[in-house]
Each structure stands twice: as C-alpha cells, then as structure tokens.
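A structural walkthrough
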Amino acid sequence: MWRLRRAALACEVCQSLVKHSSGTKGSLPLPKLHLASRSISHSHCPTLKLQGPQLRTSFQQFSSLTNLPLRKLKLSPVKYVYQPHRNFWPARLAARLLRLRYLILGSAVGGGYTAKKTFDQWRDMIPDLSDYKWIIPDIVWEIDEYIDFEKIQKALPNSEDLAKLAPDLDKIVESLSLLKDFFTTGHKLVSEVIEASDLLLLLGSPGETAFRATDHGSESGDKHYRKVSDKEKIDQLQEELLHTQLKYQRILERLEKENKELRKLVLQKDDKGIHHRKLKKSLIDMYSEVLDVLSDYDASYNTQDHLPRVVVVGDQSAGKTSVLEMIAQARIFPRGSGEMMTRSPVKVTLSEGPHHVALFKDSSREFDLTKEEDLAALRHEIELRMRKNVKEGCTVSPETISLNVKGPGLQRMVLVDLPGVINTVTSGMAPDTKETIFSISKAYMQNPNAIILCIQDGSVDAERSIVTDLVSQMDPHGRRTIFVLTKVDLAEKNVASPSRIQQIIEGKLFPMKALGYFAVVTGKGNSSESIEAIRDYEEEFFQNSKLLKTSMLKAHQVTTRNLSLAVSDCFWKMVRESVEQQADSFKATRFNLETEWKNNYPRLRELDRNELFEKAKNEILDEVISLSQVTPKHWEEILQQSLWERVSTHVIENIYLPAAQTMNSGTFNTTVDIKLKQWTDKQLPNKAVEVAWETLQEEFSRFMTEPKGKEHDDIFDKLKEAVKEESIKRHKWNDFAEDSLRVIQHNALEDRSISDKQQWDAAIYFMEEALQARLKDTENAIENMIGPDWKKRWMYWKNRTQEQCVHNETKNELEKMLKCNEEHPAYLASDEITTVRKNLESRGVDVDPGLIKDTWHQVYRRHFLKTALHHCNLCRRGFYYYQRHFIDSELECNDVVLFWRIQRMLAITANTLRQQLTNTEVRRLEKNVKEVLEDFAEDAEKKVKLLTGKRVQLAEDLKKVREIQEKLDAFIEALHQEK
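Quick caveat, the model's predicted, so the values are computed rather than measured.

The next point concerns the overall build of the protein. Within the protein, the secondary structure is distributed over 34 helices and nine strands. Here the protein holds 979 residues, and the buried ones make up 44% of them. Within the protein, counting contacts between residues at least 6 apart in sequence, those at least 24 apart form 79% of the total. A total of about 54,700 Å² of accessible surface is found on the protein, and carbon and sulfur atoms cover 52% of it.

Take a look at the structure:
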C-alpha cells in the first residue's frame, strides 16, 4: 500500500509541475503586460506562512515588488522512529539511488519550469508599444495577408507532443517501487528516507541535518530540533524573497525609466513635426473639457453630473497636497505651515506629454515644471486665483480652478483637490467656514461615480480624524473609496504599537470601508525637498521598514507610484462603465429643451447669453456713434438754454438786483462789472462745464433708452442702463476746458457795444423773458405764502391756514407802505419793521420780525420785477439814445446792455462747449463705452445679472447641453478607438 501511495503522490506532483511548465495558449494584449500586478487590494498576500487558499477578488494588485508569486506549500507530516545505528549498505545504496532520482527528475521538470518563468519575465519587461503602432509601416501590420500563420502553427508540435518528450514518470515510479521491493528487509528505513528527502527538497535545503536526526536522539528531541529548523528556514526564505523583490523592483525602475525616455523622444519628434500625421487630442484632455463644461452647467431638468473624477479629501494638514504633488511629480501647490492654503477646489488633469509643463484652462501661458522660477510663479498664480475666488467675508469658495499638468510617464486621470476638513473655526476665518467646507466636499463626493481618495495622517491619533466619518456617510460600502495613510515614517517612529498601523491600513480603526488601502511617505517635512528626493526617501524607507518585513504592509500597498497606478486604473474603469449612460441622459435632456423652445419662442433665434451680449454691444455702439450725428445748432440751443437755467438765479439775484438799487448809471455799470468779474473767475466756467457734461449725459441717455419700434428688445434694457451709468461714472471732462472757457467768457462780458437794432431787440426780448419767468415764480411763491384768493375760496371751497392769514395781513400792510414810496430800497429799516408790527398788533395780528422780512422779500421782488418790465418796455425804442450814450435823455437802459452782455456770453460759451463736445468728449465717451463693454464681456457674473429671464436661461441650457453631448460623443468614440 505504501508503494502505491508514494507512486500516486509522485505522479500528482510531477503532473502538476509539467502542467505549470507547459506554455500558455494565446497572449495577453500589450497594455496588460506589466511587471506590476493589476489589483488594488487583496485581503491576504501570499507569504511563506501556512495560510488557507488565496481569496480571489475583482481587483488587481499594483506592485512592482511581487513579480514572482510564491506557490502555496503544504507540508506532509514526517514521522520519525528511533533506529539504532546499523552498517546496512543496501539501504545506503537505495538512499543514494533515490536521491539520484530526485536530481534527474527535478532537473528535467524544474529546468523546463524555470525556462518558462524566465520567458514570461522577459516578455513582461517589453514596454507597452500599443500606442505607437502608427510608427511601424503598414506593411508590417498587413504581413498576415502574405504569410499563412495558421499553417505554420499547425505544423508546429503542440504542448501534448512536447509533454511526451518528458520522462515517463509512471515508469520511473514503477522501477523505483521494484527497487524498493528488492530491499525487503530495510523497507522501513527506505520509507523514512523517502519521506525525509521529500520534506527537505520541498524546503529547498540540504537534507543532512534532518537526516542525522533520524540516527541520534529521542523522538521528542527530534521534533523540537525540526521545529526550530523550520522557523529559521522560513525566516531565511522570507528574507531572500524580500531581496528578490527589491532586485526586481530596481529592474522595473530601470525599465520604466528607459520606457519614459523613449516615449519622451517619440513625443518630442511628433511635437517637432517629424511625423506629419496629425495627432488627435488626447483622451484625458477631451474628458477634462467635458468636466469643465459640466462645472458651469446649472443642473436643472433632472440631469446631474455623474461623470467620474478622483476627489481628494482629508483633514487639514493631512498631506493631501503632498500626495497630489507626488502623483503629478512637481511642487505645484502653495504651501504654508499649519495655515489653510487650499481655499477653493483645484481640478488637476494629468496627461502624458513630451515636456513637464502646466497651464490653466483659461490661459495660454505654460509653466515649465523643471524650472524653479516657473514653479514659484505657478504656485503664486494658484494662490492669487484662490484669493480672487473667495468673496469678501468668506474663507473658502466653491469656484473651481482648472489646471492641466503634462509630462512623460504621468498617469492619465482627473483629480480634484478640496479644502481640508476642519474641526474648529479659528480666528481670522468666517464663522461658516466649517459648514462651507463640508458642503463643498459633500457636493463632490455624492456623485455616485466619483472616486474618493481619503487621506489620513498616520502620525496623529486616528480618533482625531473627521473626514473618515464624512466619507463613510457618502460611501458606506466602500465601493469607490481608496484609503491612503500618509506620514508612515513618523507613524512607525512614534507609534508604540506597530500593529495599530496595520489596523489603520486594514480599516479596523474606522467605521469606513474602502476599495483599497495604501501607505505612502511624502517627504521629511521640508518644503524645499524635490520630488526625486522624496521618491528616493520613500523607497529607502519601505525597503528597510519593519512594517513591510513583518508583513504588516503588503508590497502592493506602499509607495505613491503604486497608489497612482491603482487610482488611474480604477478611474478609467469607472469612466468606461458610466460615460455612455451619461451621454444618453444628456441626449434626452437636449430633446426636452429643444421641444420647450419651439413651443415658447417659435419665431426667435436660440441666442445664448454671450450671443445676446454681442448683439446688445453692437446696438450700444451704434447709439454712441449717433451722438456724433447731432447737429451743431441742436447742441448750441440745448447748451445755451441749460446754462441760462443754471445761472439765471445768480444773474438776477446777485448781479441785476443789487446794481439796480444804485442811484445813477455810473454806479450801476461799476457794480455790474465787479460782480461779473467775480462770477467769471470763480463760478461761471465750472457751471458751464457741468452743464455741458449733463447735456451730454442726457443726449446719451436719450439715444440709449429711446424705443426703436418693433425691433426694440426689452431684454437689453438693464444692460444698456448699466453700461450708461458705468460709462458716465468713468468719464471725466478735460481739465483744460475751464481755463479756456474763463478767458472766452471774460472777454465776452467785457464787450458792451451793441452793433445794430436787431441785437438790441434780441436783448430786450431776452430780458423780458427772464423777468417774466422770475415774476411768475415770485407770484407762485406769494400765493403759497398767503393761501388761495377769494375766487378759489368760493369756487373750490378752500380755506387759508392761520399762518397764511398772518402772511396775508403782513403782505397787505407792506403793499400799503410801497404805494406810499414806490422807490423804496430793497431792505426794510428797523423802525419800518417796528411800525408794521405795531399796525398789525392793533388789528389783533401778532407777528415776529423774521416773518415780516420774509414777506417783504417776496413783495418787494414782485414790485421790482413789475417796474423792471415796465422800464424794459420803454427801452424798446431806446437804441437811438444808446448810440448817443443817453446824452440829453432821461431814459437810461443800462439793464438792457447787461442782459445783452449775458446773452452774448451764453452764445459764445455754448459754441465753445459744442466744439469741445463734438471734437473731444463724444469720442472719449465712446472709448469709455467700449472699455465698459469689454469689461462686462469678461465678467460672467455681470452678464448673468444684466441678461436674465426664462428665454435667456433656456437658450443657455440648450447650448450647454448640446456642447456637453457633442464632447461626450467625441470622447466615447475616441475611447472605443483606443480599445
């Protein structure tokens, strides 16, 4: 029975070895041939310890340290029986022959197996050249049309024929069984020798030590010695395994470096135009453009953004930025010790390129990431954009900054770096900072296809983490979460129990589950460290780390390179699974929007906000140009009228009335000249410029707001009003205008010579109009003061108030005094005020002196204006006396000359202002309008505020949905072509 058992055992072992050594049919595609294994996480890693069978998962290990997986070994129990030392040469001869059997069989089978493994390793070292098929001439890809490979394949022997060349193991076992039967007297010893040889060969060590154990010592002592020996051998083999893995790690690094240089050379050649074939936009760039468009899309109509991206979350100062920089292979983010640096989400699109550069979505400037000055400029630009996004009174902003990073060897993916989650709001932060960060993080993580890269600081207590609870809420089953433990070097140094790190990596200390667990080292804490130095330090740490040697960490769970490979693979897997479903959703949304537009606006074009703004811009510029078509006569008329309305009160109250109180013409002219000179030096030029600027504003507003008939679109009204106000605010009149006006006005007022009767009549007409307008205003003021007259009281049933009655009695008393002295001066004397007061008190009216003065001012003004109008009528025929300088005449018309001087000054000033308007100010206003329109065109918030309404929003959504759908279709087509 023992012979049959040994033969069957040998047969099974040999058959399994032959089966493993036989060649595999078919071949894997080139993109999957990589030394690194392709899974994210396994529950167990194969070691030399005795474990159960390996559990298969749907993930692939990314490790360059596990190239040669160890087979699971099952050790057969060996029983030792004490045998006295005998000089039995047939048994010794049998032992030597049996060892010779193992040597021959092991050499044959092991040699074939080793050759097969060497070939597989050599094949795996070949770089992935599937992306460069176009470099090879087409004749190579068409060679199968000229050579019949199927015939050649049929002519070659198959694996079964090759297996026949191997030794017949059954016959060998049968011969050995006959040989063992020959030595019947020593069959027990032979059996023990065979079992001991099997054990020692399986352990891969010389069998002399174990063989001696059968000759000396007791049975218990032999078992103890075997256990110690096994432990030492296992430790030794584990150490050898680690060294072997490190050796292949270095080989892999060298091959990846060579592959990176070769790809860089190929891309540089393409960049220089050596290959004239036009290269298409990279797949990741196309996907990034889709995400950029989606970030600006208002998700109405039940269509949300469910496209994958890698969302990087973590507590503040947990090392999120450092992990991203290691993946991007450049120090691209602002840094600060303990200070919140990430104040808004940063979307980083990683893609492969010939040069290591970075550029923003809305800028054409490239930052060379190999130069320290460009890196500093990039970090400064990111910080400026973050501060610009943060509104006043806030600490963080949901506005996203889009950054593209290209370089040789970068893994293609899209990552979003979010502000670090905080537990306490410190001084200097907005009160709602914590809630805002949570809302931003949730908005990105609630996407069912977003990959959550959860960063945890390994150097602090796990219980202090906040982000793990948030992640477990968003992804309770851990189907799209990758956990990363940073600062493992500090954790190994400071943590008292190393098993605690293993519990963190395996997720046993957190309520969250994860798709994979990784441990990384992101430097020694020095911000000036280079990426190469950090990578070298990380590899050196893990080579010497007890965590890896004691199998607390698996080889595929360490280094940022393995993390990058895992995240990239998971990202693209998620993209392929979800992108077509998203494209179908947007197709349905587009159909709904187009149907809604046809039903509500069948006769209007689908103009989005930018197109509407361009249309409004052209209309506004046309209206500004219309200002230059206003006739000079119109400008001068409105300028002269506006200027007189502004200065008429000053002319009559401060110049004409005081001068008219004089006793003779000489004093009148002197008073007028002095007051005109003071007025011209101080107030008149400034008033003229103000009038001109207001007139320009009124004309500009009239053109902007004037309805254009059926073509008028009220959707532009708010925009035009805002452009008008901003342009007027920015416009400033020429500083030299007042100085030139002062000289011109002074010269005009100095002239007193009226050349003809026509000018004299025009002056009289101007004077009458001015005095009548002033008299009308005075009558209205008196009527408001004394209340309605008897006609209005009887006809409209209106009554006077007590104050109005007092004013009426005072007015009547003052009119009696004026009838007595029609040439009374403009001011009342103190005794006259007392007399009027006593007369009113005698009639039971109690008044104060202030009320008497106010009433006198209006009563005397009306009396003076009526007298001046009567005098003006007398001067109609006074031009003859004027030419004679009023010699031998009782008529003096110096007031007519004053109004002629004022009228001439107004005409000359209006002409000068009209020239300034048409020659300078209209052009400057047009320039300001263009600048305002350019600023509004760049301000998206301003356009959204000024161009609003259901029609605008519907057209905007329709345009964006079409753009998203087109980009998604192009991306899906490119994705299928890459497959």
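Next comes the rest of the write-up.
Another aspect to go through is helix α29 (residues 830-842). Given a rise of 1.5 Å per residue, 13 residues ought to cover 18 Å, and the 19 Å separating the end C-alpha atoms of α29 matches this to within 8%. Among the residues of α29, Ile833, Val836 and Leu840 are the ones counted as buried. Projected down its long axis, α29 shows its buried positions confined to an angular sector of 65 degrees, all on one face. Residues of α29 that are exposed and point over 90 degrees away from its buried face: Ser830, Asp831, Lys838 and Ser842. The inward-facing, buried residues of α29 abut α28 (802-820) and α30 (849-874). One or two positions beyond α29, positive phi appears at Gly844, with a value near 85 degrees.

Glancing now at the pairing of strand β1 (residues 310-314). A regular strand carries its side chains on alternate faces of the sheet. A large share of β1 lies buried, amounting to five of its five residues. Here β1 shows a buried face lined by Val310, Val312 and Gly314 and a second buried face lined by Val311 and Val313. With three bridges joining them, β1 and strand β6 (residues 413-417) adopt parallel strand pairing. Bridge pairing in β6 places Val310 opposite Leu415. Here β1 runs beside strand β7 (residues 451-457); their pairing, made up of five bridges, is parallel. Within the sheet, the bridge partner assigned to Val312 lies in β7 and is Leu453.

Right, let's get into helix α14 (residues 467-474). Burial in α14 covers these residues: Val467, Thr468, Leu470, Val471 and Ser472. In the core, the buried residues of α14 are packed alongside β1, α13 (433-445), β7 and β8 (481-486).

Looking now at the pairing of strand β5 (residues 401-407). Most of β5 sits inside the fold, with six of its seven residues counted as buried. Here strand β2 (residues 346-352) runs beside β5; their pairing, made up of seven bridges, is parallel. Following the sheet pairing, Glu352 is matched in β5 by Gly407. Pairing between strand β3 (residues 357-360) and β5: four bridges, direction antiparallel. Bridged to Phe360 within β5 is Leu403.

Counting across every chain of the model gives 42 salt bridges. Close ionic contact of Arg646 with Glu694 constitutes a salt bridge, the shortest N to O distance being 2.5 Å. Of the two residues, Arg646 is situated in helix α21 (residues 632-660) and Glu694 in helix α23 (residues 684-705); the sequence distance between them amounts to 48 residues. Through salt bridges with shared partners, one network takes in Arg590, Glu594, Glu606 and Arg962.

What follows deals with the nonpolar core. Judged by nonpolar contacts, the single largest core of 100 residues is most densely connected at Trp644, Tyr656, Trp679, Leu696, Trp760 and Ile902. Ranked by residues supplied to this core, first place goes to helix α32 (residues 894-938) with 17 residues. Filtering out sequence-adjacent residues up to four positions away, Tyr656 remains in contact with Val651, Phe668, Met767, Leu771, Phe864, Ala868, Asp895, Leu898 and Phe899.

Moving on, we come to unusual backbone geometry. Glycine aside, residues mostly have negative phi, and peptide bonds are mostly found in the trans state. Unlike most non-glycine residues, Lys487 shows phi in positive territory, near 55 degrees. Its location among the elements puts Lys487 in the loop between β8 and α15 (488-494). The backbone of Thr559 shows a phi angle near 75 degrees, a positive value even though the residue is not glycine. Along the chain, the position of Thr559 falls in the loop between α18 (546-549) and α19 (560-600).

What follows concerns a negative patch on the surface. A cluster of acidic residues, Glu399, Glu931, Glu934, Glu938, Asp939 and Glu941, forms a negative patch on the protein surface. Sort the elements by how many residues they give to the negative patch and α32 lands first, with three residues. Along the polypeptide, Glu931 turns up in helix α32.

Under the counting rule described, the total for this entry stands at 17 aromatic pairs. Seen in terms of ring centroids, Phe766 and Phe899 are 6.0 Å apart; in terms of plane orientation they differ by 65 degrees. Their pairing is edge-to-face. With Phe766 in helix α26 (residues 757-786) and Phe899 in helix α32, this residue pair connects regions lying 133 residues apart in the sequence. Residue classification places Phe766 among the buried positions, given a relative accessible area of 10%.

For the rest of this paragraph, the subject is the environment of Lys729. Tracing the sequence through the fold places Lys729 in helix α24 (residues 717-730). Its relative accessible area of 65% is what places Lys729 among the exposed residues. Considering only alpha carbons, one finds Lys729 and Asn928, 199 residues apart in sequence, at a separation of 9.5 Å.

Turning to a nonpolar patch on the surface, a few remarks are in order. Among the surface-exposed residues, Trp790, Trp794, Met795 and Tyr796 lie close enough to one another that they form a single nonpolar patch of about 620 Å² accessible area. Residue class for Tyr796 comes out exposed when judged on its relative accessible area of 53%.

Further remarks concern the sheet that holds β8. Taken in spatial order, the nine strands line up as β4-β3-β5-β2-β6-β1-β7-β8-β9 in an open sheet, and their pairing is mixed. The sheet terminates laterally at β4 (367-368) and β9 (516-519), the two strands that pair on one side only. Here β3 runs beside β4; their pairing, made up of two bridges, is antiparallel. Directly across from Ala358, in β4, lies its bridge partner Phe367. Each of β1, β2, β5, β6, β7 and β8 touches helix α11 (residues 320-328); the most contacted strand, β6, lies at about 160 degrees to it. Most of the contacts of α14 go to β7, to which it runs at about 160 degrees, and overall it touches β1, β7 and β8.

Under the defined criterion, the tally for this structure stands at one disulfide. Here Cys875 connects covalently by a disulfide to Cys893, the sulfurs 2.0 Å from one another. Disulfide Cys875-Cys893: the torsion about the S-S bond is -95 degrees, which places it as left-handed. Linking Cys875 in the loop between α30 and α31 (879-883) with Cys893 in the loop between α31 and α32, this pair joins segments that are 18 residues apart in sequence. Residue classification places Cys893 among the buried residues on the basis of a relative accessible area of 0%.

A separate point is the environment of Glu926. Assignment of secondary structure puts Glu926 in helix α32. Taking the C-alpha atoms as reference points, Glu926 and Ile625, separated by 301 residues in sequence, lie 7.5 Å from one another. Leaving out residues up to four positions away in the same chain, Glu926 has contacts with Val624 and Ile625.

Contact pair helix α20 (residues 609-627) / α23: the axes reach a minimum separation of 9 Å and the direction vectors enclose 135 degrees. Classified by the angle their axes make, α20 and α23 are oblique. Handedness of the crossing formed by α20 with α23: right-handed. When α20 is examined against α23, the residues Ile620, Glu623, Val624, Ser626 and Leu627 are found in contact with a partner set consisting of Leu696, Glu699, Phe700, Phe703 and Met704. The residue inventory of the contact of α20 with α23, partitioned by class, reads seven nonpolar, one polar and two charged.

As a packed pair, α19 and helix α34 (residues 950-978) sit with axes 8 Å apart at the nearest point and diverge in direction by 150 degrees. Handedness of the α19/α34 crossing: left-handed. When its residues are assigned to classes, the contact of α19 with α34 shows 16 nonpolar, five polar and twelve charged.

Our next topic: the confidence of the model for the protein. On average, residues of the protein score 75 in pLDDT, and 67% of them reach the 70 mark or higher. Contacts of residues 182-228 to residues separated by more than four positions or lying in other chains number 48 contacts, the stretch itself having pLDDT below 50. Across residues 272-279, confidence stays below pLDDT 50; counting only partners more than four residues off in sequence or on other chains, it has six contacts.

Cut-off values and rules
Residues numbered from 1 in each chain as written. Predicted model: local features only at pLDDT ≥ 70, side-chain atom pairs only at ≥ 80, totals over all residues. Heavy atoms only, no water. Helix = DSSP H or I, 4+ residues; strand = E, 2+ residues; numbered from the N terminus. Buried < 20%, exposed > 50% of the residue type's maximum accessible area, 1.4 Å probe, protein only. Contact = heavy atoms within 4.5 Å. Areas by Shrake-Rupley, 256 points an atom, 1.4 Å probe, with all protein chains shown as cover. Expected span 1.5 Å × (residues − 1). Arc of directions from axis to C-beta. Pairing = 2+ DSSP bridges. Salt bridge = Lys/Arg side-chain N within 4 Å of Asp/Glu carboxyl O. Core = buried A, V, L, I, M, F, W, Y, C linked by side-chain atoms within 4.5 Å. Patch = residues over 30% accessible without salt bridge, like charges linked within 9 Å, V, L, I, M, F, W, Y side chains within 5 Å. Lys, Arg positive; Asp, Glu negative; His and termini not counted. Charge placed at Lys NZ, Arg CZ, Asp CG, Glu CD. Phe/Tyr/Trp six-rings, centres within 6.5 Å; stacked < 30°, edge-to-face > 60°. Axes fitted to C-alpha atoms, helices over the stretch in contact; angles between N-to-C directions. Disulfide = S-S within 2.5 Å. Parallel < 35°, antiparallel > 145°, perpendicular 65-115°, else oblique. Left-handed = near helix turned anticlockwise from the far one by under 90°. Nonpolar A, V, L, I, M, F, W, Y, C, P; charged D, E, K, R; others polar. pLDDT = per-residue confidence, 0-100.

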